Each structure stands twice: as structure tokens, then as C-alpha cells.
Amino acid sequence: MKVVLIGVGQAGGKLTQRLAEYDQKMGFGAVQGALAVNSAETDLSALDLDTVLVGQDRVKGHGVGGDNELGAEVMQNDATEVMDALDGRITAQAEAIFVVAGLGGGTGSGGAPVLARELNRVYDIPVYGLGVLPGRGEGAMYQVNAGRSLKTLVREADATLLIDNDAWHTSGESMGEAFDKINQNIAQRVGLLFASGEAIEGVGESVVDSSEVINTLRSGGIATLGFATEEASEDAEENINTVTSATRKALLSNLSLPNAIDADSGLLVVAGQPESIPRKGVERSRKWLEEETGSLQVRGGDFPLDSGRLATLVLLGGVERSQRVEDFIERAKKASQEEEEEREDPAEMFSNDQLDDLI
């Protein structure tokens, strides 16, 4: 799947760089271009990517300080500059655009939905969001920002793949260590998803291509991605249980948005040596996913990969009815109410046209 990545804000820029590096390291060739956009000059200078600084007239390169209304405003004002920087990067080969952002901060939270709307206005290919939700311990402002940003991004993007910071954060880790691990996990999972259909060596029996990913996300809304890997036997028949076990782990233990299982559509990708991938195992796992997710639109296929292991990717589309999403929305509402109590005029908080309020 040929994609162009646009990282917005500090978290979005770092994750975009990690995704581009992973794609290059693996030799997939899926990432056709990458750009980082931010209102903080120091964040951009730390990246090894082409960059665009927005909001110079308003914030002088110092960032928006977590104010996502201001983040939306500076992105809207400088949207033409960003679109000009993308000219020539989004070629006829590109099959999708991903706007990557942390949803709890300022520039990414406010700017990503604005940029997604502009991209959808200009380009015919799908524009997806790749959004990172703040963890429970990251503060009320981040919860409120993410709640408002999520609603708007889901509306403006063709689908939004969500990553929950709490999914990989373990006790005792510093925030820096946690974010590094999260970015590494996201890069591996999403990088393999991008690469699906890009045969590296050999030809799979039923190779997944980009149309399968696009069709899985066609219903829009919120998506989640699961991943698991197991040691493979050389004999495909001996790997039937391996594939079914890995598929269960990917869905039940390793989703990017944990417990978001009720879905409109799904895609199962089994990656590994073509001769070690059992068709019976793939089909059995696909049917199990249909039962677990309640979806009759679960596709399945192979991704040829030179590895001694078998990996399963599970992409689910239309999971916004899940308990995890409901829990986050309640958390954002509670944080918003607490913040309103500290403001003299709470109505002013949601007065900006560029962001819908969640409440």
C-alpha cells in the first residue's frame, strides 16, 4: 500500500519519522513521502524529515502551548503553505494519505482535523487519520483536547486508526520510555499493514493488496489494529494452530485500542514464508474473527515475508461502539467538566468554529 505520511505536532512528527525509518529498514517501499508540520520550531529541528513551520505570525515558532483551538487556527491560516509543500509528493502512485497526530496536545490535536479536511477537498485518494489517545495519567487538558479532536478528526477523515497510549504503558516506566516503546510498537504494526500486498520474496497463495485495506476502512469511523507473532514450523500443516493462536492474541490481547472488538469489517493478514502459511489456518482464523467481531465482512490473506516466524495482523473498521471508546469519551467529559469549574466563562472554551465540542 503506497502511502504518504504527514505528521502534525510533536508526537505526530516523531511517529511519522519512526514509520518512515521502519519502512526503509525493512525495504518495503510503502512510504512514498513523509512531511512533518508543527508550530514549534525546536520540535521540527529534531526530526530528520522535510518540515513545515506553521503559525509563525501568531506564535513565532514557540508552539501553541497545548491550546488546540489555536492549533486549529494556525493550521487553517497556513493550510496553503502546507499544501504547497505536499505538491509533487502525493503522486499518482499514492493510494492513501495518513495524517498522524497525538490527539491530546495543541498543534496535532487542533491541526490534524483541519489538514484532513483540506486534503480531502483536494485529493481523490482516501485520507486517514492515525491518532494517538493520551493515557489516563496525562492530565485533564490532554483528555479534553483529545475528546474534541477525535470527534472532529473522525468527521473529516475517511477513517481514523486509533492508538491508545495505555495499551503499552507499564508501571515503572518513565513517560519518555513509554512513548519510545509505543512508537516502536506502532511502527511495526502499521508498517506491516502499509506493506501488505508489497511482495518482498515469493508469491503468497492469496496475497492481500491495498484494496483490501481500503475496503476494510470504507465504513469510516474508528479503526483498531492488532498484532501477534509466533515461531513457525517449516511444514504449513503444523502451523494451523500457530496461526489460530496468534490471531486470538492479536484480537484479545494486542489491539491498538484494547477491547474494541465489535466491528463493522475486518482484515486478517498472515505474514511469513509462503510455504509455511496454512490456508486452513487462515480460513479458520478468519471465520473465528467473524464470530468474535460480529462482522460478516472479514477478509483474509497472506503477506510473503522472509522470516522464521508467522505474524498476524488484525485490522478492524467501525469499532466506535466499543466499550474502550465509550470509556474514553466519559473520561474526556469528566475532565471537561472539571476544567469548566475552574473557568469564569466555560462557554468560551468551545466557541471556535474549527473544532466541534464533544459534550
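Scroll up to find the structure.
All values derive from a computational prediction rather than experimental measurement.

(A) Looking closely at the overall build of the chain. Broken down by element type, the chain carries twelve helices and ten strands. The buried share of the chain, taken over its 359 residues, is 58%. Of the contacts made within the chain by residues no fewer than 6 positions apart, 80% connect residues no fewer than 24 positions apart. Accessible surface, the chain as shown: approximately 14800 Å² in total, 42% of it carbon and sulfur.

(B) Highlighting the pattern of salt bridges. Across all of its chains, the model carries 15 salt bridges by this definition. Between R89 and D50 there is a salt bridge, and its shortest N-O distance comes to 2.9 Å. Taken together, the residues span a long stretch of sequence, with R89 in the loop between α5 (79–86) and β4 (96–102) and D50 in strand β3 (residues 50–53) at a distance of 39 residues. The exposure class assigned to R89 is partly exposed, which follows from its relative accessible area of 25%. Residue class for D50 comes out partly exposed when judged on its relative accessible area of 42%. Measuring nitrogen to oxygen at the nearest pair gives 2.9 Å for the salt bridge that ties E231 to R309. Here R309 lies in strand β10 (residues 309–317) and E231 lies in strand β7 (residues 222–231), a separation of 78 residues in the sequence. Here E231 falls in the exposed class, since its relative accessible area comes to 55%. What makes R309 partly exposed here is its relative accessible area of 33%.

(C) The arrangement of the sheet that holds strand β2 (residues 31–38) in detail. Strands sit in the order β3-β2-β1-β4-β5-β6-β7-β10-β8-β9 across an open sheet of ten strands; the sheet is mixed. Strand pairing shows two members of the sheet lacking a second neighbour, β3 and β9 (298–304), which therefore form its edges. Direction aside, the axes of adjacent strands within the sheet are offset by 25 degrees on average.

(D) Region of interest: the pairing of β4. Most of β4 sits inside the fold, with seven of its seven residues counted as buried. Alternating residues of β4 divide into A96, F98, V100 and G102 and I97, V99 and A101, and every residue in both groups is buried. Taken together, the six bridges between strand β1 (residues 3–8) and β4 define a ladder with parallel strand orientation. Note on β4: the bridge partner recorded for G7 is V100. Where β4 and strand β5 (residues 127–133) come together, six bridges link them in parallel fashion. Note that in β5 the partner of A101 across the bridge is G131. Once the chain exits β4 it traverses helix α6 (residues 107–122) before rejoining the sheet at β5, and the crossover so formed is right-handed.

Reading the values: the criteria
- Numbering of residues begins from 1 in every chain and follows the order in which that chain's sequence is written.
- Local features in this predicted model are restricted to residues of pLDDT 70 or higher, and side-chain atom pairs are both shown and tallied only at a pLDDT of 80 or more, whereas totals for entire chains, interfaces and linings draw on every residue.
- Heavy atoms from the whole structure form the basis of all side-chain values; hydrogens and water molecules are not counted.
- For helices the rule is a DSSP run of H or I covering at least 4 residues; for strands it is a run of E covering at least 2, with both sets numbered from the N terminus onward.
- Accessibility here uses a 1.4 Å probe with only protein chains present; expressed as a share of the type maximum, an area under 20% marks a residue as buried, one over 50% as exposed, and anything in between as partly exposed.
- Residues count as neighbours in contact if any of their non-hydrogen atoms are within 4.5 Å of one another.
- In this description, accessible areas are obtained by the Shrake-Rupley approach with a 1.4 Å probe, and a residue is regarded as covered only by the protein chains that are shown.
- The rule for a salt bridge is simple: a side-chain nitrogen of Lys or Arg has to be within 4 Å of a carboxyl oxygen of Asp or Glu.
- For two strands to be treated as a pair, DSSP must find no fewer than two bridges joining them.
- Working convention: axes come from line fits to C-alpha atoms, limited for helices to the stretch in contact. Angles between N-to-C directions cover 0 to 180 degrees.
- The handedness rule is simple: strands pointing away from the viewer, and a clockwise path from the first strand over the helix to the second, make the crossover right-handed.

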